[in-house]
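# Residue-level structure breakdown
Each chain is listed here by its residues.
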Amino acid sequence: MNDHKLKIVLTILVGVIFSFIFIILAFVLPTTSDEITIIKKPSNLLEEVSKSIRN
């Protein structure tokens, strides 16, 4: 019975540690990039329609 309780406690502990790791990474990693994105002008009608639908 002690083995079962130990496995449960360790599983919960590992879950909490991984949660904290991902929470810390969410705050540390930048969400916006400073790179300049180049927007290509549509060359034909199909690309124009596709771009207008996306926007």
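Everything discussed here concerns the structure shown above.
For the structure given in this document, a descriptive report is provided here. (Residues numbered from 1 in each chain as written. Predicted model: local features only at pLDDT ≥ 70, side-chain atom pairs only at ≥ 80, totals over all residues. Heavy atoms only, no water.)

Each helix and strand counted, the chain has two helices and zero strands in total. Over its C-alpha atoms the chain spans a radius of gyration of 24 Å, topping by over 25% the 10 Å that the globule rule assigns to 55 residues. Principal axes of the C-alpha set define a box for the chain whose edges measure 70 × 25 × 15 Å. Taking all 55 residues of the chain together, the buried fraction comes to 0%. As presented, the chain carries roughly 5,800 Å² of accessible surface, and 69% of it is formed by carbon and sulfur atoms. Side-chain charges of the chain comprise 6 positive and 5 negative groups, with the mean position of each set lying 6 Å from the other. (Helix = DSSP H or I, 4+ residues; strand = E, 2+ residues; numbered from the N terminus. Rg over C-alpha atoms; globule rule 2.2 N^0.38 Å. Buried < 20%, exposed > 50% of the residue type's maximum accessible area, 1.4 Å probe, protein only. Areas by Shrake-Rupley, 256 points an atom, 1.4 Å probe, with all protein chains shown as cover. Lys, Arg positive; Asp, Glu negative; His and termini not counted. Charge placed at Lys NZ, Arg CZ, Asp CG, Glu CD.)

Before going further, it helps to examine the environment of L6. Note on placement: L6 falls in helix 1 (residues 2–28). When the C-alpha atoms of L6 and I17 are compared, they prove to be 16 Å apart, with 11 residues separating the residues in sequence.

With that settled, consider the environment of F27. As for its position among the elements, F27 is in helix 1. Separated by 14 residues in the primary sequence, F27 and K41 have C-alpha atoms spaced 35 Å apart.

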